[in-house]
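Chain and residue survey
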Amino acid sequence: ESLRSLQPYSVQKENIRIKLDANENPYNLFEEIQEDFIKKIKRVDINRYPDTDSDELRLKIAEHVGVKKENVICGNGSDEIIQMLIHAFVDKGEYVITHRPTFSMYKSFVNVAGGNIVEIPCDQNFCVSEEEIIKEANEKKAKIIFLCNPNNPTGTVFSRESIRNILQNTESIVVVDEAYYEFFGETVVDWIQDYEQLIVLRTLSKAFALAGARIGYGIASEPFMEILYPIKSPYNLNVFSQIIGTLYLEKSDLIQKSVEKIKGEREYLSEKLREIEHIEVFPSAGNFILIRTPLFQKIMNACKKEGISLRSFPNEALLQDCIRISIGERRENDLLLNTIREVVR
């Protein structure tokens, strides 16, 4: 019964020229590492299983983050680690707390596991009360609290003080999903030894421009990992993803340049959108912008006609008339702006 109400994750497959709907990095950085990648895959015995623990990749991640390899677990995207966490800690009928609106897969995985999810709604500015999260978590004896920071799709953030407040005043596992960390710059990774109930999730899909390789990772204390690791499927990350992830992590300067370009385009696009009548632009710490407009449907139709894909949320009342725009290259952003200006005229 818990599966009957689930809807499959939908992805636009129409004629798309400019893809601004999936929070991907618009810059394909593969050219910079393809020779090294080809050299490495030529030495791969594809008839053998990959390293089940992704040791080389975990070591590179640990060096990048500033932790030990034993503090890192890898997954097929951070989605797999979310699923591991729910398998590890949530029994049927138990509670999970998150906020709303946020990343839809938290709720989907909890529903599949037969758990109960409580979503704390945001206010009109998309801010969420940590006190309400604490209250519900304690009343429901929640096993997990998910905090998406920066939050997808709103771009809002929880302060370190808010997260610390939740950690100190609940007994729940606290999962801080930092998928968009590189565009924000604030983290709680440095707390993993202070709070054994804390795990931080990250991904190489966004800032690292590796959405197609499906590499996510979690960072937590060694006692936490001793609980989580037995849940991980063997050989869960294929050999090609392990190689390409390792190579990209060795190119931190290249990645940082890409991040700075995206942040610059985020400011450019936000500023230009604010100049357009009937467009409300919300501040964002991610690689996307959320707007609200009474011309929502006209803009969506015009963009579809131009082959520009954007993200809307027809099943979320709190996001009525809202559109999430992934940050593209300048030419893509300008074409979007021109399309919207034509609608508003």
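Notes on the structure in this doc start here. Since the structure is predicted, the reported quantities are computational estimates derived from the model, not experimental observations.

Parameters at a glance
Residues numbered from 1 in each chain as written. Predicted model: local features only at pLDDT ≥ 70, side-chain atom pairs only at ≥ 80, totals over all residues. Heavy atoms only, no water. Axes fitted to C-alpha atoms, helices over the stretch in contact; angles between N-to-C directions. Helix = DSSP H or I, 4+ residues; strand = E, 2+ residues; numbered from the N terminus. Parallel < 35°, antiparallel > 145°, perpendicular 65-115°, else oblique. Left-handed = near helix turned anticlockwise from the far one by under 90°. Contact = heavy atoms within 4.5 Å. Buried < 20%, exposed > 50% of the residue type's maximum accessible area, 1.4 Å probe, protein only. Polar contact = N/O pair within 3.5 Å; in protein donor to acceptor, adjacent residues only side chain to side chain. Pairing = 2+ DSSP bridges.

Another point: the packing of helix H10 (residues 296-306) against helix H11 (residues 330-344). Following both chains from N to C, one finds H10 and H11 inclined at 130 degrees, their axes separated by 9 Å at the closest point. On the basis of the axis angle, H10 is oblique to H11. Judged by the twist between their axes, the crossing of H10 over H11 is right-handed. Every residue of H11 that contacts H10 at Lys298, Ile299, Ala302, Cys303 and Glu306 is listed here: Leu336, Thr339, Ile340 and Val343.

Now for the environment of Thr187. Tracing the backbone shows Thr187 in the loop between strand E6 (173-177) and strand E7 (198-203). Judged by its relative accessible area of 18%, Thr187 falls in the buried class. Placed 37 residues apart in sequence, Thr187 and Pro150 show a C-alpha to C-alpha distance of 10.0 Å. Not counting the four nearest positions on each side in its chain, Thr187 is found in contact with Arg160, Glu178, Tyr181 and Arg202. At 2.9 Å, the side chain of Thr187 and the side chain of Arg202 are in polar contact.

Each strand in a sheet pairs with its neighbour through backbone hydrogen bonds, running either in the same direction (parallel) or in the opposite one (antiparallel). One open sheet accounts for seven strands, arranged E2-E8-E7-E6-E5-E3-E4; its pairing is mixed. Each edge of the sheet is formed by a strand with only one pairing partner; in this case those strands are strand E2 (72-76) and strand E4 (116-121). Taken over all neighbouring pairs, the strand axes of this sheet differ in orientation by 25 degrees on average, direction set aside. In this structure, strand E3 (residues 95-100) lies alongside strand E5 (residues 144-148), joined through two bridges in parallel fashion. By the bridge assignment for E5, Val96 is matched with Ile144. Together, E2, E7 and strand E8 (215-220) form the strand contacts of helix H2 (residues 55-65), whose direction differs from that of E2 by roughly 120 degrees. Contacting E3, E4 and E5, helix H5 (residues 130-140) crosses the sheet at an angle of about 160 degrees to E4.

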